[in-house]
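Read off the chains here:
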Amino acid sequence: MLTRMQYDILLAASRDLTLLLAEMQGEEELFASPNTLAHVEARLLTFAQTLVHLPEALRQRLLQVDWHGWNCLLRLLETDLQPRRAEVWYGTQALVPATLQLIAALRTREPIWFETAYRDQGHL
């Protein structure tokens, strides 16, 4: 059940990012808008923090996720280190979409990770 809630958090952050970036014409426009950039970085931080707290067994099933990229982005955002323009752009354009795609594929292969209710194997 926890993994399903984490997945839902990731989906919500992704939807927010999509809405924030929908009207943007590209990287220059994002970084010229401090307000939008702050909201984008907040969603990326939520995404990265959620990924850090996935169960280790699940993380081991997601070996193709760019964990190094996520860890670097998390560190930059949590400590407010600058510059981070390339990392933020990479997060929006590559990390989020690729990670969601890999998690969706895992959800198809192993749906038990994403169920919302506890299953007592003796009482199904």
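Our subject is the structure that appears above.
The sections below set out a description of the structure shown in this document. (Residues numbered from 1 in each chain as written. Predicted model: local features only at pLDDT ≥ 70, side-chain atom pairs only at ≥ 80, totals over all residues. Heavy atoms only, no water.)

With that settled, consider the overall build of the protein. Along its length, the protein carries 6 helices and 0 strands. Secondary structure elements in the protein, listed N-terminal to C-terminal, are α-α-α-α-α-α. Principal axes of the C-alpha set define a box for the protein whose edges measure 60 × 25 × 20 Å. In the protein, buried positions account for 36% of the 124 residues. Long-range contacts, defined as pairs at least 24 residues apart, comprise 69% of the intrachain contacts of the protein with a sequence gap of at least 6. Counting only carbon and sulfur atoms, one obtains 56% of the accessible surface of the protein, whose full area is about 7,500 Å². Across the protein, the centroid of the 11 positively charged side chains sits 6 Å from that of the 15 negatively charged ones. (Helix = DSSP H or I, 4+ residues; strand = E, 2+ residues; numbered from the N terminus. Buried < 20%, exposed > 50% of the residue type's maximum accessible area, 1.4 Å probe, protein only. Contact = heavy atoms within 4.5 Å. Areas by Shrake-Rupley, 256 points an atom, 1.4 Å probe, with all protein chains shown as cover. Lys, Arg positive; Asp, Glu negative; His and termini not counted. Charge placed at Lys NZ, Arg CZ, Asp CG, Glu CD.)

Turning our eyes to something else, we now look at helix α5 (residues 67–79). Under the 1.5 Å per step criterion, the end-to-end length of α5 is 18 Å for 13 residues, consistent within 8% with the ideal 18 Å. Of the surrounding secondary structure, the elements contacted by the buried residues of α5 are α3 (34–52), α4 (56–61) and α6 (85–109). Downstream of α5 by a residue or two, D80 has a phi angle that is positive, lying close to 55°. (Expected span 1.5 Å × (residues − 1).)

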